[in-house]
Amino acid sequence: MGLFQKLFGQDGKGSAIQVFAPVAGQVVPITQVSDPTFGEEILGKGVAIKPTEGKVFAPCDATVDLMFDTGHAISLVSDSGAEILIHVGLDTVALKGQHYTIHAHNGDKVKKGDLLIEFDPESIAAAGYDTITPVVICNSGDFAAIQTHTGQTAAPGDLILELTK
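Thresholds, definitions, all that
Numbers given to residues run from 1 along each chain, matching the order in which its sequence is written. With the structure being a predicted model, the display of local features is reserved for residues of pLDDT at least 70 and the display and counting of side-chain atom pairs for 80 or more, all residues being used for whole-chain, interface and lining totals. By convention in this description, side-chain values take in all heavy atoms of the structure and omit both hydrogens and water. Pairs of strands are assigned from DSSP output, requiring at least two bridges between the strands. Elements are defined by DSSP. Helices are runs of H or I of four residues or more, strands are runs of E of two residues or more, and each kind is numbered from the N terminus. Any two residues having at least one pair of non-hydrogen atoms within 4.5 Å are treated as being in contact. Here a polar contact means two N or O atoms within 3.5 Å. Within protein one must be a hydrogen donor candidate and the other an acceptor candidate, and residues neighboring in sequence count only if both atoms are side-chain atoms. Should a side-chain nitrogen of Lys or Arg be within 4 Å of a carboxyl oxygen of Asp or Glu, the pair is scored as a salt bridge. To pair, rings of Phe, Tyr and Trp, with the six-membered ring standing in for Trp, must have centres within 6.5 Å; the planes then decide the type, stacked if under 30 degrees apart, edge-to-face if over 60, and tilted in the middle. Charges are assigned to positions over rings by a cutoff of 6 Å between ring centre and Lys NZ or Arg CZ, combined with an angular limit of 35 degrees from the ring normal.

A. The sheet that holds strand β6 (residues 73–78), seen in detail. The strand order across the open sheet formed by eight strands is β9-β5-β6-β7-β11-β3-β2-β13, and the pairing between neighbours is antiparallel. Only two strands of the sheet have a single neighbouring strand rather than two, namely β9 (109–110) and β13 (152–154). Note that strand β5 (residues 62–67) and β6 share five bridges and pair antiparallel. From the neighbouring strand, Met67 faces β6, where its bridge partner is Ile74.

What follows is the structure, given as C-alpha cells:
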C-alpha cells in the first residue's frame, strides 16, 4: 500500500481518526458539563460520559503523556497524533487519589481497551462530586472536523469521536 492510500484510504477520501469510549455510560455533548473549562470547550472539543461503571480503558492505541498522581485524570497522545484528556469527575483532584486506582504510568504504550484507571463512582458521588467524565481532544485545532457521537449509551470501545485532519 502506498503512502497516499495509507493517508487517504483506497478511495482517496480522508480517513477519520477514531476515538472510542473509555468508560461505559451515557454519552452527552461536552457543553452539558457544568465546569466551564470543559463545557465552554476551553481545553478543546469532545464529549462527556456519565459513567455507569468504574473503569477507564484506553480509547485508542496511544502513549500515556501524563497520569495524574491522584488517578482522577490521564492525558494520552494517540498513535495518530490526537492529544486526549480523560478527566474522571469534576473537581475530583480534591479527593487526592481516594477512590482511584492507577493501572498505567507516564510513558506507557497502551492499546485500545487496556485498563488505565479504576474508580469507585458511588463513593465519589457520596463525597459530593459529579462523576461526569469529559473526553477532550486538547489539540482540536489540528483537525479540520471533529464529529461527536452523543445521545447513546456506550460500552467501552464504542465509537464516540471521529477526527478529520
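B. Local environment of the environment of Asp65. Relative to the elements of secondary structure, Asp65 occurs in strand β5. Along the primary structure Asp65 and Val88 are separated by 23 residues, whereas in three dimensions their C-alpha atoms are 16 Å apart. Ignoring any residue separated from it by four or fewer positions in sequence, one finds Asp65 in contact with Ser75, Leu76, Val77 and Asn106.

C. Fine view of the environment of Leu115. Its location among the elements puts Leu115 in strand β10 (residues 115–119). Distance in space between the C-alpha atoms of Leu115 and Gln152 is 22 Å, their sequence separation being 37 residues. Once residues within four sequence positions are removed from consideration, Leu115 is found in contact with Lys55, Val56, Phe57 and His103.

D. Just the side chain of Ser78, in detail. By secondary structure assignment, the location of Ser78 is in strand β6. Within the structure, the side chain of Ser78 is placed 2.9 Å from the side chain of Ser80, a separation counted as a polar contact. Setting aside chain neighbours within four positions, we find Ser78 in contact with Cys60, Asp61, Ala62 and Ile84.

E. Region of the structure containing the pairing of strand β2 (residues 25–29). In this sheet, strand β3 (residues 45–51) lies alongside β2 in antiparallel orientation, the contact comprising five bridges. By the bridge assignment, Val27 is partnered in β3 with Ile49. Bridge count between β2 and β13: three bridges; the pairing is antiparallel. Looking at β13, one finds that Val27 is bridged to Gln152.

F. Broad picture of the pattern of salt bridges. One pass over the full model with this rule turns up three salt bridges. We note a salt bridge from Lys111 to Asp61, for which the minimum N-O separation is 3.8 Å. Of the two residues, Lys111 is situated in the loop between β9 and β10 and Asp61 in the loop between β4 (55–57) and β5; the sequence distance between them amounts to 50 residues. Close ionic contact of Lys109 with Asp79 constitutes a salt bridge, the shortest N to O distance being 2.9 Å. Taken together, the positions of Lys109 in strand β9 and Asp79 in the loop between β6 and β7 (83–87) put the pair 30 residues apart, joining distant regions of the chain.

G. Representation of the packing of aromatic side chains in the model. For the structure shown, the criterion picks out one aromatic pair. The ring of Phe20 has Lys112 sitting right over it, with the charged end atom 3.9 Å from the ring centre. Stacked on the ring of Phe143, the Lys or Arg Lys165 has its end atom at 4.8 Å from the ring centre.

Interpretation in functional terms is not warranted from these geometric data alone.
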